[in-house]
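The primary structure of each chain is shown beneath.
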Amino acid sequence: MRGASRSVYFATKNKAKYLEAARITATYGVHLRYLPFSKQEIQAEDLREIASFAAMEAARSKVRTVVAEDAGFFVDALKGFPGPYSSYVFKTLGTSGILKLVGDVKNRKASFLAAVSYCEPNRRPISFTGTVRGLVSKKPKGSGGFGFDPIFIPSKGDGRTFAEMQIDEKNAFSHRAKAFRRFARWFTSSR
Ligand code: ITT
């Protein structure tokens with residue numbers, strides 16, 4: 001594999017996402033480069049559709065080969081809300097709003113899902129997904145990460161929230177790490 005073909009741009013406005021993903025792809029020898037990009041979030045239930053649209057738009061407008069990602073937080077007791085609306089709900093209600101909605105219900109199960117789409121300019125996108133199961137904490141804990149990290153405890157962890165973990169610890173469990181591993185395996189095997 002030649003050097004140039006080992007790199008790909010990650011079109012996102014979220015630097016924290018980029019830092020997590022770049023650590024994963026680096027372990028496969030894939031250099032992820034940061035491409036600041038505000039994706040237009042189309043209304044869709046399926047995160048793959050949202051990520052694919054964003055990847056096509058970014059590849060077309062920036063004339064580059066890119067990946068884009070759409071992720072969401074799905075709370076069982078809220079029938080999967082906020083799901084595909086996570087970005088908007090985080091901005092409006094925030095973690096405290098979700099904790100209020102969940103209240104003191106017994107079933108605190110929740111998941112994060114990520115869809116990563118790879119796209120070359122004027123080509124069809126290809127998507128990779130990842131998921132992690134866990135619980136909504138009773139109160140926010142930790143100052144790392146971003147978004148809903150302070151209120152999410154992964155099932156396979158040691159009881160700490162994502163926001164209490166270092167990047168590599170979160171990457172051992174996260175939806176994003178799983179999706180980017182799948183992408184990186186495909187990317188390295190397909191050239
Ligand atoms: P993009 O520019 O890549 O779109 P974004 O932050 O808007 O960045 P998404 O639309 O994919 O990203 O994510 C929706 C929201 O879901 C995001 O704002 C967070 O609040 C939440 N979220 C996604 N992944 C998360 C994670 O790993 N930890 C905590 N919250 C996460």
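Below, the structure is looked at part by part. Computed from a prediction, not measured in an experiment: that's the story for all the values here.

Thresholds, definitions, all that
For every chain, the first residue of the written sequence is number 1, and numbering continues from 1 along that sequence. Local features are withheld for residues below a pLDDT of 70 in this predicted model, meaning they are given only at 70 or higher, and side-chain atom pairs are given and counted only at 80 or more; totals for whole chains, interfaces and linings count all residues. The basis for every side-chain value is the complete set of heavy atoms in the structure, and neither hydrogens nor water enter the calculation. Secondary structure elements follow DSSP: runs of H or I of four or more residues count as helices, runs of E of two or more count as strands, with numbering from the N terminus. Working definition: with a 1.4 Å probe on protein chains only, accessible area under 20% of the residue-type maximum means buried, over 50% means exposed, and in between means partly exposed. In the analysis that follows, any N or O atom pair within 3.5 Å is treated as a polar contact, provided that within protein one partner can donate a hydrogen and the other can accept it, and provided that, for residues neighboring in sequence, both atoms belong to side chains. Contacts: residue pairs with any heavy atoms within 4.5 Å of one another. Whether a residue is near a molecule or strand is decided by its heavy atoms; if any one of them lies within 4 Å of it, the residue is near. Stacked, edge-to-face and tilted are the three classes for Phe, Tyr and Trp ring pairs, Trp counted by its six-membered ring, which pair at centre distances within 6.5 Å; planes under 30 degrees apart are stacked, over 60 edge-to-face, the rest tilted. Look at NZ for Lys and CZ for Arg. If either is within 6 Å of the ring centre and within 35 degrees of the ring normal, a charge sits over the ring.

Examining the side chain of Ser137
Mapped onto the fold, Ser137 is located in the loop between strand S6 (126–136) and strand S7 (152–154). Accessibility expressed as a relative area gives 4% for Ser137, which makes it buried. A distance of 2.8 Å separates a polar atom in the side chain of Ser137 from the backbone oxygen of Lys139. Other than its neighbours up to four places away in sequence, Ser137 contacts Leu99, Arg108, Pro150, Ile151, Ile153 and Thr161.

Things to note about the site of the ligand
In the vicinity of the ligand, 20 residues are found, and the nearest of them are Thr12, Lys13, Lys17, Lys39 and Asp149. One of the side-chain N or O atoms of Lys17 is found 2.7 Å from an oxygen atom in the ligand. Here Arg176 contributes a side-chain N or O atom positioned 2.9 Å from an oxygen atom of the ligand. Elements represented by at least two residues in the shell around the ligand include exactly strand S3 (66–75), helix H3 (86–92) and helix H6 (175–189).

Topic: unusual backbone geometry
The omega torsion across Phe81 and Pro82 is 0°, close enough to zero to call that bond cis. Looking at the secondary structure, you find Pro82 in strand S4 (residues 82–83). A positive phi angle is found at Val63, which is not glycine, with a value near 50°. Turning to its location among the elements, Val63 is positioned in the loop between helix H2 (47–62) and S3. One non-glycine residue, Lys79, adopts positive backbone phi at about 55°. Secondary-structure assignment places Lys79 in the loop between S3 and S4. Overall, the relative accessible area of 82% leaves Lys79 in the exposed class.

Concerning the packing of aromatic side chains
Under the defined criterion, the tally for this structure stands at 17 aromatic pairs. Aromatic pair Phe90 and Phe148: ring centres 5.3 Å apart, planes at 85°, arrangement edge-to-face. Here the residue Phe90 occupies a position in helix H3, and Phe148 occupies one in the loop between S6 and S7, the gap between them amounting to 58 residues. Relative accessible area serves as the criterion here: at 35%, Phe90 is assigned to the partly exposed category. Among the aromatic residues, those joined into a cluster by ring pairs are Phe10, Tyr118, Phe128, Phe180, Phe183, Trp186 and Phe187. Sitting over the ring of Tyr34, Lys15 keeps its end group 4.8 Å from the ring centre. Here Arg64 stacks its cationic end above the ring of Tyr9, 4.7 Å away from the centre of that ring.

Regarding the side chain of Thr95
Looking at where Thr95 falls in the secondary structure, it is placed in helix H4 (residues 94–102). On the basis of relative accessible area, Thr95 is assigned to the buried category, the value being 18%. For Thr95, the contacting residues outside a window of four places in its chain are Phe90, Gly147, Phe148, Pro150 and Ile151.

Nothing here speaks to function; it is all geometry.
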